[in-house]
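Chain residues, written in single-letter form:
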Amino acid sequence: MQEHLENPAIADRLESFATLLELSGAGYYTARAYRRAADLIRSSKAPVADLVRAGRVRELRGIGPGIEARLRELVETGTIAEVDELERAVSPELVGLGRYLGFGPSRAMEIGKALGVRTAAELREAAAAGRLREVPGIGAKTEQKLKEALARADAPQPPRRAMLLNRARSLLEGIAEALGGEVAGDPRRWRDTCERFAVVCSSERPAEVLERFARLPEICHTTWSDGKASVLEMASAARELGYEYLAICDHTPNVRVVPGLDADAVRRQGEEIAAANEALAPFRVLCGIECDILYDGRLDLPDDVLDELDWVQASVHAGQRTPRRALTERVLEALHNPAVRCLSHPKGRIINHRPENALDLEEVFAACFQRGIAIEVNGLPDRLDLRDVHVRLAVESGVAIVCSTDAHSVRGLGNMALAVATAGRGWARAENVLNSRPLAEVLQPRC
């Protein structure tokens, strides 16, 4: 009989699977889904193995049919066959070197298989022996470029990928506290990615620099889409942090990679939000949505549903590689909808995973200014979008900023510090930030 697996062991195996999927070149959201499932299982009080055997594991929010199948295999056999296959097939050394050389994980593994190598040292030996031309698709010019890149890789140089801001802050804050000092370097300047680290010690410790931001409101997600906490849990946590109001902005169906709310679900969620408002008054929970912009510029929910909401964020998820003109026209069309109050993460980047899209910000900012639509500075550590230089352009264009955590959990409410600091790096001041104002002013009709 298969040994009973406890939640931490199951979570660790899913975490390993997510890492291997990333190394093998699987989509970002696929790996993230398994990583989030691991986090969910690790924090769950219910014995997940028992839920799997009873056919009830999909009652856990975020567990879909694909993850359920992997969990059943793990519980019944003690392993996940695909994990074992990936561990045999994926060479982290080759994948890492391949990223430096300019090709993806799949191509790195193709080259490794063709040459019979698994390590960076073996690849260098094969290149020195003139064997790169044995790989299909590598001709004389590509061979020369790879040899030159390998030579550069041997020279001392800074890491290709910097540390995300939240991780850098967490790392240095612990060191600074132990030394009685202060965080310095890139994390002190709130750079979106950090390479230079320092701690400064002195005889006097300065005041907490973020205290003035503690009353800013939030825009967040809940278990209705891809969040980890309920409406009441998120709102209660926000109130405890000193906020005066909170906008619940879950996803709509077109986002696809996570659950989304259709018209019926939006109205049912509204009933839950009304109950939370009764329980937490005078704290205010706003009925909002992060509504996908479809390829033709229409929004993902009917206008009559959007008109019922307090706050509508419009966002592009699919199609980030759309050419500049087509993407810009798509967004401009959405901004014509009178329900839209804010444009979410306009450049669509995921730091270290996906570059910025080609959206023409100057044209979009002009339209936002004309219609009284705000622009989000998203505080999710992987996004920080708008970034600092684009915030400055928005401020110079007269467009209002919304600092948002994009929180998907109670812990994620802490992302506000990153959003505010990023806005500050772009020269935004309190008067530029819409959600630093009283609620009545925030909810005034668009011009």
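Everything in this summary refers to the structure shown in the same document. Numbers given for residues are sequential positions, taken from 1 along each chain in its written order. Two thresholds apply to this predicted model, a pLDDT of at least 70 for residue-level local features and 80 or more for giving and counting side-chain atom pairs, whereas whole-chain, interface and lining totals are computed over all residues. Just so you know, side-chain values use all the structure's heavy atoms and leave hydrogens and water out.

Things to note about the side chain of Thr405
Piece 1. Helix and strand definitions here come from DSSP, where helices need a minimum of 4 consecutive H or I residues and strands a minimum of 2 consecutive E residues; each element is numbered from the N-terminal end. Following the sequence through the fold, Thr405 ends up in the loop between strand S11 (401–404) and helix H17 (416–425).
Piece 2. Only protein chains enter the area calculation, which uses a 1.4 Å probe; residues under 20% of their type maximum are buried, those over 50% are exposed, and those in between are partly exposed. Given a relative accessible area of 0%, Thr405 falls into the buried group.
Piece 3. Polar contacts here mean pairs of N or O atoms no more than 3.5 Å apart (in protein, one a potential hydrogen donor and the other a potential acceptor; neighbouring residues in sequence count only if both atoms are side-chain atoms). A polar side-chain atom of Thr405 sits 3.3 Å from the main-chain carbonyl oxygen of Ile219.
Piece 4. At a separation of 3.0 Å, a polar atom in the side chain of Thr405 contacts the main-chain amide nitrogen of Ala407.

Some words on the packing of helix H14 (residues 324–335) against helix H15 (residues 361–371)
Piece 1. The N-to-C vectors of H14 and H15 enclose an angle of 5°; their axes lie 10 Å apart at closest approach. Compared by their axis directions, H14 and H15 come out roughly parallel. Residue-level contacts link Arg325, Thr328, Val331, Leu332 and Leu335 of H14 to Glu363, Val364, Ala367, Cys368 and Arg371 of H15.
Piece 2. Residue polarity is assigned by list, with Asp, Glu, Lys and Arg as charged and Ala, Val, Leu, Ile, Met, Phe, Trp, Tyr, Cys and Pro as nonpolar; anything else, Gly included, falls into the polar class. Of the residues that constitute the contact of H14 with H15, the class distribution is 6 nonpolar, 1 polar and 3 charged. Think of each axis as a best-fit line through the C-alpha atoms, taken over the contacting stretch in the case of a helix, with angles from 0 to 180 degrees between the N-to-C directions. Angles are sorted into four bins: roughly parallel if under 35 degrees, roughly antiparallel if over 145, roughly perpendicular if 65 to 115, and oblique for all others. Residue contacts are counted whenever heavy atoms from the two residues lie within 4.5 Å of one another.

Looking at the pairing of S11
Piece 1. Side-chain alternation along S11 places Ile401 and Cys403 on one buried face and Val402 and Ser404 on a second face that is also buried.
Piece 2. For two strands to count as paired, DSSP must find a minimum of two bridges between them. Bridging between strand S10 (residues 374–378) and S11 involves 4 bridges; their strand directions are parallel. Considered in S11, the bridge of Val377 is made with Cys403.

What about the environment of Leu51?
Piece 1. Topologically, Leu51 is positioned in helix H3 (residues 48–53).
Piece 2. Placed 21 residues apart in sequence, Leu51 and Arg72 show a C-alpha to C-alpha distance of 9.7 Å.
Piece 3. Apart from residues no more than four positions distant in its own chain, Leu51 is found in contact with Ala46, Arg56, Val57 and Leu60.

Some words on the pattern of salt bridges
Piece 1. For this document, the term salt bridge refers to a Lys or Arg side-chain nitrogen within 4 Å of an Asp or Glu carboxyl oxygen. Applying the stated rule across the entire model yields 29 salt bridges.
Piece 2. The residue Arg349 makes a salt bridge to Asp192 at a minimum N-O spacing of 2.6 Å. One end of the pair, Arg349, is in the loop between strand S9 (342–343) and H15; the other, Asp192, is in the loop between strand S2 (181–185) and strand S3 (193–194), and 157 residues separate them in sequence.
Piece 3. Taking the shortest distance from any N to any O, the salt bridge between Arg267 and Glu308 comes out at 2.7 Å.

Focus: the environment of Gln320
Piece 1. Structurally, Gln320 can be placed in the loop between strand S8 (311–315) and H14.
Piece 2. Accessibility expressed as a relative area gives 10% for Gln320, which makes it buried.
Piece 3. For Gln320 and Lys347, which are 27 residues apart along the polypeptide, the C-alpha to C-alpha distance reads 8.4 Å.
Piece 4. Those residues in contact with Gln320 that lie beyond four places of it in its chain are Lys347, Gly348, Arg354 and Asn357.
Piece 5. Separated by 3.4 Å, the side chain of Gln320 and the backbone oxygen of His317 make a polar contact.
Piece 6. At a separation of 2.8 Å, a polar atom in the side chain of Gln320 contacts the side chain of Asn357.

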